[in-house]
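Examining the three-dimensional arrangement
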Amino acid sequence: MAWTYYQCVLAVLMVVTGSFNTLSVKYADKQVVPGEDGQPRHFNHPFMQSSFMFIGEMMCFVVFKILYHYYVRRGDGSVDNNPLTKGSLVFNPFILLIPALCDTCATSIMYVGLNMTYASSFQMFRGAVIIFTAILSMGFLNRKLGSREWSGIAMVIIGLALVGISDIIMEDSNVSTNSILTGDLLILCAQVITAVQMVVEEKFVAGQNIPALQAVGWEGLFGFITICIIMIPLNFIHASPPFADNSRGTLEATKDAFIQIENSGHLLMAIIGISFSIAFFNFAGISVTKEMGATTRMILDSIRTIVIWVFTLAFGWQAFHYLQLIGFVILLIGMCCYNNVIVPQLIRKCRYRLGRHRPPPNDRERIINTAADDVPETQ
(Lines give C-alpha, C1' and ligand atoms only; values in the text may rest on other atoms or scores of the structure.)
Protein backbone atom coordinates (compact mmCIF):
# COMPACT_ATOMS: atom_id res chain seq x y z
CA MET A 1 0.00 0.00 0.00
CA ALA A 2 1.48 3.34 -1.06
CA TRP A 3 1.88 6.14 1.43
CA THR A 4 -0.53 9.05 1.26
CA TYR A 5 0.72 12.61 0.86
CA TYR A 6 0.00 13.26 4.55
CA GLN A 7 2.04 10.21 5.61
CA CYS A 8 4.97 11.31 3.42
CA VAL A 9 4.88 14.75 5.04
CA LEU A 10 4.87 13.17 8.50
CA ALA A 11 7.87 10.95 7.65
CA VAL A 12 9.96 13.84 6.29
CA LEU A 13 8.92 16.08 9.20
CA MET A 14 9.96 13.46 11.75
CA VAL A 15 13.42 12.90 10.23
CA VAL A 16 14.18 16.59 9.67
CA THR A 17 12.92 17.96 13.01
CA GLY A 18 14.33 15.02 14.99
CA SER A 19 17.78 15.51 13.50
CA PHE A 20 17.56 19.27 13.95
CA ASN A 21 16.61 18.88 17.62
CA THR A 22 19.61 16.73 18.56
CA LEU A 23 21.97 18.95 16.58
CA SER A 24 20.48 22.09 18.20
CA VAL A 25 21.09 20.69 21.69
CA LYS A 26 24.68 19.77 20.82
CA TYR A 27 25.24 23.15 19.12
CA ALA A 28 24.09 24.90 22.30
CA ASP A 29 26.48 22.73 24.35
CA LYS A 30 29.39 23.81 22.16
CA GLN A 31 28.77 27.56 22.57
CA VAL A 32 31.32 29.38 24.74
CA VAL A 33 29.64 32.46 26.23
CA PRO A 34 30.30 34.71 29.28
CA GLY A 35 28.01 33.91 32.18
CA GLU A 36 27.06 35.48 35.48
CA ASP A 37 30.68 35.96 36.56
CA GLY A 38 31.83 37.28 33.16
CA GLN A 39 33.97 34.21 32.42
CA PRO A 40 33.45 32.47 29.03
CA ARG A 41 32.18 28.92 29.51
CA HIS A 42 30.38 26.25 27.54
CA PHE A 43 26.60 26.27 27.88
CA ASN A 44 26.42 23.41 30.39
CA HIS A 45 22.75 23.61 31.43
CA PRO A 46 21.09 20.26 30.56
CA PHE A 47 18.15 20.76 32.91
CA MET A 48 17.38 24.17 31.44
CA GLN A 49 17.55 22.60 27.99
CA SER A 50 15.01 20.01 29.16
CA SER A 51 12.69 22.81 30.29
CA PHE A 52 12.95 24.46 26.86
CA MET A 53 12.08 21.10 25.31
CA PHE A 54 8.93 20.85 27.43
CA ILE A 55 7.99 24.41 26.49
CA GLY A 56 8.09 23.24 22.89
CA GLU A 57 5.83 20.31 23.75
CA MET A 58 3.37 22.62 25.53
CA MET A 59 3.06 24.64 22.33
CA CYS A 60 1.42 21.58 20.77
CA PHE A 61 -1.37 21.90 23.32
CA VAL A 62 -1.96 25.54 22.35
CA VAL A 63 -1.98 24.64 18.66
CA PHE A 64 -4.47 21.83 19.30
CA LYS A 65 -6.87 24.14 21.14
CA ILE A 66 -6.71 26.74 18.37
CA LEU A 67 -7.33 24.16 15.64
CA TYR A 68 -10.06 22.42 17.61
CA HIS A 69 -12.08 25.61 18.18
CA TYR A 70 -11.52 26.67 14.57
CA TYR A 71 -12.93 23.43 13.14
CA VAL A 72 -15.80 23.40 15.68
CA ARG A 73 -16.83 26.90 14.55
CA ARG A 74 -16.89 25.74 10.93
CA GLY A 75 -19.67 23.36 11.90
CA ASP A 76 -19.05 20.97 8.99
CA GLY A 77 -17.91 18.00 11.06
CA SER A 78 -14.27 18.41 10.00
CA VAL A 79 -13.17 18.45 13.65
CA ASP A 80 -13.83 14.68 13.78
CA ASN A 81 -12.14 13.95 10.45
CA ASN A 82 -9.07 16.19 10.45
CA PRO A 83 -5.96 14.15 11.44
CA LEU A 84 -4.80 17.00 13.70
CA THR A 85 -7.93 17.05 15.87
CA LYS A 86 -9.67 13.70 15.49
CA GLY A 87 -9.66 11.39 18.48
CA SER A 88 -11.25 10.99 21.88
CA LEU A 89 -11.44 14.06 24.12
CA VAL A 90 -12.88 12.09 27.04
CA PHE A 91 -9.89 10.86 29.02
CA ASN A 92 -8.13 11.51 32.29
CA PRO A 93 -5.06 13.66 31.51
CA PHE A 94 -3.28 12.31 34.59
CA ILE A 95 -2.73 9.00 32.79
CA LEU A 96 0.00 10.95 30.98
CA LEU A 97 1.63 12.08 34.25
CA ILE A 98 3.81 9.00 34.79
CA PRO A 99 5.07 8.97 31.15
CA ALA A 100 5.80 12.69 31.53
CA LEU A 101 7.79 12.10 34.73
CA CYS A 102 9.76 9.35 33.01
CA ASP A 103 10.35 11.66 30.04
CA THR A 104 11.60 14.41 32.38
CA CYS A 105 14.14 12.18 34.12
CA ALA A 106 15.30 10.40 30.97
CA THR A 107 15.68 13.58 28.90
CA SER A 108 17.58 15.42 31.63
CA ILE A 109 20.01 12.53 32.10
CA MET A 110 20.48 12.16 28.33
CA TYR A 111 21.19 15.88 27.93
CA VAL A 112 23.84 15.60 30.65
CA GLY A 113 25.34 12.70 28.71
CA LEU A 114 25.10 14.52 25.38
CA ASN A 115 27.12 17.36 26.85
CA MET A 116 29.96 14.87 27.44
CA THR A 117 29.87 12.70 24.32
CA TYR A 118 29.25 12.90 20.56
CA ALA A 119 25.85 13.65 19.03
CA SER A 120 26.00 10.57 16.79
CA SER A 121 26.85 8.30 19.74
CA PHE A 122 24.01 9.89 21.70
CA GLN A 123 21.56 8.87 18.98
CA MET A 124 23.01 5.38 18.56
CA PHE A 125 22.99 4.58 22.28
CA ARG A 126 19.31 5.45 22.40
CA GLY A 127 18.82 2.20 20.49
CA ALA A 128 19.50 0.39 23.78
CA VAL A 129 15.89 1.11 24.74
CA ILE A 130 14.96 -2.06 22.82
CA ILE A 131 16.87 -4.20 25.32
CA PHE A 132 15.29 -2.74 28.44
CA THR A 133 11.81 -2.52 26.90
CA ALA A 134 11.95 -6.21 25.99
CA ILE A 135 12.96 -7.16 29.53
CA LEU A 136 10.27 -5.02 31.15
CA SER A 137 7.65 -6.23 28.67
CA MET A 138 8.33 -9.81 29.71
CA GLY A 139 7.77 -8.93 33.36
CA PHE A 140 4.86 -6.48 33.20
CA LEU A 141 3.11 -7.20 29.89
CA ASN A 142 3.57 -11.00 29.94
CA ARG A 143 5.18 -10.86 26.53
CA LYS A 144 7.21 -13.82 25.31
CA LEU A 145 10.22 -13.29 23.09
CA GLY A 146 11.12 -15.65 20.29
CA SER A 147 14.50 -16.51 18.83
CA ARG A 148 14.23 -13.62 16.35
CA GLU A 149 13.78 -11.06 19.14
CA TRP A 150 16.65 -12.51 21.20
CA SER A 151 18.92 -12.52 18.14
CA GLY A 152 18.05 -8.87 17.54
CA ILE A 153 18.80 -7.97 21.16
CA ALA A 154 22.17 -9.75 20.99
CA MET A 155 23.12 -7.83 17.84
CA VAL A 156 22.03 -4.54 19.42
CA ILE A 157 24.31 -5.24 22.39
CA ILE A 158 27.24 -6.05 20.09
CA GLY A 159 26.62 -2.92 18.00
CA LEU A 160 26.45 -0.68 21.08
CA ALA A 161 29.65 -2.24 22.44
CA LEU A 162 31.50 -1.41 19.20
CA VAL A 163 30.15 2.17 19.25
CA GLY A 164 31.37 2.54 22.84
CA ILE A 165 34.81 1.20 21.96
CA SER A 166 35.07 3.59 19.01
CA ASP A 167 34.21 6.52 21.32
CA ILE A 168 37.08 5.55 23.61
CA ILE A 169 39.55 5.10 20.75
CA MET A 170 38.67 8.36 18.96
CA GLU A 171 40.88 11.21 20.08
CA ASP A 172 39.29 14.57 20.93
CA SER A 173 41.47 17.30 22.41
CA ASN A 174 38.42 19.11 23.81
CA VAL A 175 36.86 16.14 25.64
CA SER A 176 38.55 13.55 27.88
CA THR A 177 38.02 9.82 27.40
CA ASN A 178 36.53 9.54 30.91
CA SER A 179 34.01 12.26 30.08
CA ILE A 180 32.94 10.54 26.85
CA LEU A 181 32.61 7.17 28.61
CA THR A 182 30.57 8.76 31.41
CA GLY A 183 28.30 10.44 28.88
CA ASP A 184 27.70 7.15 27.06
CA LEU A 185 26.87 5.37 30.32
CA LEU A 186 24.45 8.11 31.36
CA ILE A 187 22.62 7.80 28.03
CA LEU A 188 22.41 4.02 28.52
CA CYS A 189 21.01 4.47 32.04
CA ALA A 190 18.42 6.91 30.70
CA GLN A 191 17.15 4.22 28.34
CA VAL A 192 15.99 2.18 31.34
CA ILE A 193 13.68 5.06 32.32
CA THR A 194 12.57 5.47 28.70
CA ALA A 195 11.73 1.76 28.61
CA VAL A 196 9.57 2.19 31.72
CA GLN A 197 7.82 5.07 29.94
CA MET A 198 7.13 2.92 26.88
CA VAL A 199 5.76 0.01 28.91
CA VAL A 200 3.51 2.32 30.95
CA GLU A 201 2.21 3.97 27.78
CA GLU A 202 1.48 0.63 26.18
CA LYS A 203 -0.33 -0.64 29.27
CA PHE A 204 -2.38 2.43 30.18
CA VAL A 205 -2.28 4.99 27.33
CA ALA A 206 -2.48 2.84 24.20
CA GLY A 207 -6.04 2.49 22.97
CA GLN A 208 -7.16 5.79 24.47
CA ASN A 209 -7.10 7.34 20.96
CA ILE A 210 -5.90 10.68 22.32
CA PRO A 211 -5.18 13.28 19.59
CA ALA A 212 -1.42 13.45 19.04
CA LEU A 213 -1.12 17.21 19.60
CA GLN A 214 -3.08 17.00 22.84
CA ALA A 215 -1.07 14.05 24.18
CA VAL A 216 2.23 15.83 23.51
CA GLY A 217 0.85 19.04 25.04
CA TRP A 218 -0.23 17.39 28.29
CA GLU A 219 3.11 15.58 28.65
CA GLY A 220 4.88 18.88 28.01
CA LEU A 221 2.83 20.62 30.70
CA PHE A 222 3.49 17.93 33.30
CA GLY A 223 7.15 17.73 32.31
CA PHE A 224 7.69 21.50 32.51
CA ILE A 225 6.16 21.74 35.97
CA THR A 226 8.26 18.80 37.16
CA ILE A 227 11.57 20.08 35.77
CA CYS A 228 10.97 23.54 37.26
CA ILE A 229 10.45 21.99 40.69
CA ILE A 230 13.54 19.81 40.29
CA MET A 231 15.73 22.75 39.28
CA ILE A 232 15.10 24.58 42.58
CA PRO A 233 17.29 22.27 44.71
CA LEU A 234 19.73 21.73 41.81
CA ASN A 235 20.63 25.43 42.01
CA PHE A 236 22.08 24.79 45.49
CA ILE A 237 23.78 21.39 45.03
CA HIS A 238 27.48 21.87 44.30
CA ALA A 239 29.38 19.48 42.04
CA SER A 240 32.64 19.36 40.11
CA PRO A 241 33.09 19.58 36.30
CA PRO A 242 31.97 18.25 33.91
CA PHE A 243 28.69 17.89 35.83
CA ALA A 244 28.67 21.49 37.05
CA ASP A 245 30.64 23.72 34.70
CA ASN A 246 28.92 27.04 35.42
CA SER A 247 29.62 30.24 37.34
CA ARG A 248 28.08 28.94 40.57
CA GLY A 249 29.54 25.43 40.48
CA THR A 250 26.10 23.87 41.05
CA LEU A 251 24.27 21.16 39.10
CA GLU A 252 22.11 23.89 37.57
CA ALA A 253 22.42 27.68 37.55
CA THR A 254 19.23 29.15 36.12
CA LYS A 255 20.30 32.80 36.26
CA ASP A 256 23.66 31.97 34.67
CA ALA A 257 21.87 30.15 31.82
CA PHE A 258 19.65 33.15 31.03
CA ILE A 259 22.64 35.51 31.10
CA GLN A 260 24.53 33.29 28.66
CA ILE A 261 21.50 33.17 26.35
CA GLU A 262 21.20 36.97 26.54
CA ASN A 263 24.88 37.36 25.64
CA SER A 264 24.79 35.17 22.51
CA GLY A 265 22.47 35.35 19.51
CA HIS A 266 23.72 31.95 18.30
CA LEU A 267 22.80 30.39 21.65
CA LEU A 268 19.37 32.02 21.56
CA MET A 269 18.72 30.61 18.09
CA ALA A 270 19.78 27.15 19.30
CA ILE A 271 17.32 27.34 22.23
CA ILE A 272 14.50 28.43 19.92
CA GLY A 273 15.44 25.58 17.60
CA ILE A 274 15.25 23.09 20.51
CA SER A 275 11.74 24.23 21.49
CA PHE A 276 10.19 24.33 18.03
CA SER A 277 11.89 21.21 16.64
CA ILE A 278 10.87 19.03 19.60
CA ALA A 279 7.26 20.19 19.22
CA PHE A 280 7.12 19.20 15.56
CA PHE A 281 9.15 16.01 16.16
CA ASN A 282 6.90 14.69 18.91
CA PHE A 283 3.77 15.45 16.93
CA ALA A 284 5.22 13.77 13.83
CA GLY A 285 6.46 10.77 15.84
CA ILE A 286 3.14 10.03 17.53
CA SER A 287 1.27 10.63 14.26
CA VAL A 288 3.59 8.23 12.40
CA THR A 289 2.88 5.58 15.04
CA LYS A 290 -0.88 6.05 14.67
CA GLU A 291 -0.85 6.30 10.87
CA MET A 292 1.85 3.79 9.87
CA GLY A 293 2.93 1.85 12.95
CA ALA A 294 5.78 1.79 15.44
CA THR A 295 8.01 -0.18 13.08
CA THR A 296 7.97 2.61 10.51
CA ARG A 297 8.89 5.04 13.26
CA MET A 298 11.88 2.87 14.15
CA ILE A 299 13.09 2.96 10.55
CA LEU A 300 12.69 6.74 10.35
CA ASP A 301 14.55 7.13 13.65
CA SER A 302 17.43 5.13 12.18
CA ILE A 303 17.51 7.50 9.21
CA ARG A 304 17.69 10.36 11.70
CA THR A 305 20.79 8.76 13.22
CA ILE A 306 22.48 8.70 9.81
CA VAL A 307 21.64 12.37 9.19
CA ILE A 308 23.08 13.40 12.58
CA TRP A 309 26.21 11.32 12.06
CA VAL A 310 26.88 12.71 8.58
CA PHE A 311 26.36 16.27 9.83
CA THR A 312 28.75 15.89 12.79
CA LEU A 313 31.41 14.40 10.52
CA ALA A 314 30.97 17.10 7.86
CA PHE A 315 31.29 19.96 10.35
CA GLY A 316 34.18 18.42 12.28
CA TRP A 317 32.29 17.83 15.53
CA GLN A 318 33.88 14.38 15.72
CA ALA A 319 36.37 12.20 13.87
CA PHE A 320 35.45 9.17 11.78
CA HIS A 321 36.24 5.70 13.08
CA TYR A 322 35.42 2.51 11.23
CA LEU A 323 34.34 0.72 14.43
CA GLN A 324 31.50 3.20 14.86
CA LEU A 325 30.32 2.47 11.33
CA ILE A 326 30.47 -1.30 11.93
CA GLY A 327 28.73 -0.88 15.26
CA PHE A 328 25.95 1.20 13.73
CA VAL A 329 25.36 -1.34 10.94
CA ILE A 330 25.16 -4.23 13.44
CA LEU A 331 22.91 -2.11 15.68
CA LEU A 332 20.60 -1.35 12.76
CA ILE A 333 20.43 -5.01 11.70
CA GLY A 334 19.64 -5.98 15.29
CA MET A 335 16.82 -3.45 15.48
CA CYS A 336 15.43 -4.71 12.18
CA CYS A 337 15.55 -8.32 13.40
CA TYR A 338 13.81 -7.44 16.66
CA ASN A 339 11.04 -5.51 14.89
CA ASN A 340 10.74 -8.09 12.07
CA VAL A 341 11.66 -5.52 9.43
CA ILE A 342 13.45 -6.14 6.10
CA VAL A 343 16.21 -8.48 7.33
CA PRO A 344 14.05 -11.49 8.35
CA GLN A 345 12.02 -11.16 5.16
CA LEU A 346 15.14 -11.01 3.01
CA ILE A 347 16.55 -14.10 4.73
CA ARG A 348 13.32 -16.00 4.10
CA LYS A 349 13.26 -14.88 0.47
CA CYS A 350 16.83 -16.12 -0.04
CA ARG A 351 15.99 -19.39 1.66
CA TYR A 352 12.94 -19.96 -0.54
CA ARG A 353 14.89 -19.07 -3.67
CA LEU A 354 17.65 -21.52 -2.81
CA GLY A 355 15.00 -24.14 -2.12
CA ARG A 356 13.14 -23.19 -5.31
CA HIS A 357 9.97 -22.49 -3.39
CA ARG A 358 7.73 -19.48 -3.68
CA PRO A 359 7.78 -17.15 -0.67
CA PRO A 360 4.59 -16.86 1.38
CA PRO A 361 2.09 -14.14 0.37
CA ASN A 362 2.94 -11.96 3.38
CA ASP A 363 6.54 -11.58 2.22
CA ARG A 364 5.58 -10.93 -1.38
CA GLU A 365 3.23 -8.09 -0.45
CA ARG A 366 5.79 -5.88 1.24
CA ILE A 367 9.14 -6.12 2.94
CA ILE A 368 8.50 -3.52 5.61
CA ASN A 369 5.89 -4.54 8.17
CA THR A 370 4.13 -1.51 9.56
CA ALA A 371 1.62 -3.33 11.69
CA ALA A 372 3.64 -3.38 14.92
CA ASP A 373 1.76 -2.91 18.14
CA ASP A 374 4.61 -1.52 20.24
CA VAL A 375 4.29 1.98 21.59
CA PRO A 376 7.46 3.96 20.88
CA GLU A 377 9.17 6.70 22.78
CA THR A 378 7.55 10.12 22.90
CA GLN A 379 10.55 12.34 23.06
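To keep things clear, this report deals only with the structure shown in the data block. Computed from a predicted model, the values in this text were never measured in an experiment.

If you tally the helices and strands in the chain, you get 14 helices and 2 strands. The proportion of buried residues among the 379 residues of the chain is 51%. If you take every contact in the chain between residues at least 6 apart in sequence, the share linking residues at least 24 apart comes to 79%.

Inspection of the secondary structure puts Glu-252 in the loop between α8 (212-234) and α9 (254-263). Along the primary structure Glu-252 and Phe-236 are separated by 16 residues, whereas in three dimensions their C-alpha atoms are 8.0 Å apart. Dropping the residues within four chain positions of it, Glu-252 is found in contact with His-45, Pro-46, Phe-47, Met-48, Met-231, Leu-234, Asn-235 and Asn-246.

Time to look at unusual backbone geometry. Cis rather than trans, the peptide bond between Pro-241 and Pro-242 has omega equal to 5°. Take Pro-242: it is sitting in the loop between α8 and α9. Positive phi, close to 55°, is recorded for Asn-209, a residue that is not glycine. Take Asn-209: it is sitting in the loop between α7 (177-205) and α8.

On to the packing of helix α6 (residues 147-169) against α7, then. The relative placement of two packed helices is expressed as an angle between their axes plus a distance between the axes. Closest axis-to-axis distance for the α6/α7 pair is 9 Å, and the angle between their directions is 155°. By the angle class used here, α6 and α7 are roughly antiparallel. As α6 runs across α7, the sense of the crossing is right-handed. Each of Leu-160, Gly-164, Asp-167 and Ile-168 in α6 lies in contact with α7, whose residues at this interface are Thr-177, Ile-180, Leu-181, Asp-184 and Leu-188. Per-class residue counts for the contact of α6 with α7 are 5 nonpolar, 2 polar and 2 charged.

Our focus in this paragraph is helix α10 (residues 265-292). For α10, spanning 28 residues, the distance from its first C-alpha to its last is 39 Å, which sits close to the expected 40 Å at 1.5 Å a residue. Capping the start of α10 is the job of one residue whose side-chain oxygen sits 3.5 Å from the backbone nitrogen of His-266: Ser-264. One or two positions beyond α10, positive phi appears at Gly-293, with a value near 105°.

What counts, and at which threshold
Residues numbered from 1 in each chain as written. Predicted model: local features only at pLDDT ≥ 70, side-chain atom pairs only at ≥ 80, totals over all residues. Heavy atoms only, no water. Helix = DSSP H or I, 4+ residues; strand = E, 2+ residues; numbered from the N terminus. Buried < 20%, exposed > 50% of the residue type's maximum accessible area, 1.4 Å probe, protein only. Contact = heavy atoms within 4.5 Å. Axes fitted to C-alpha atoms, helices over the stretch in contact; angles between N-to-C directions. Parallel < 35°, antiparallel > 145°, perpendicular 65-115°, else oblique. Left-handed = near helix turned anticlockwise from the far one by under 90°. Nonpolar A, V, L, I, M, F, W, Y, C, P; charged D, E, K, R; others polar. Expected span 1.5 Å × (residues − 1). Polar contact = N/O pair within 3.5 Å; in protein donor to acceptor, adjacent residues only side chain to side chain.

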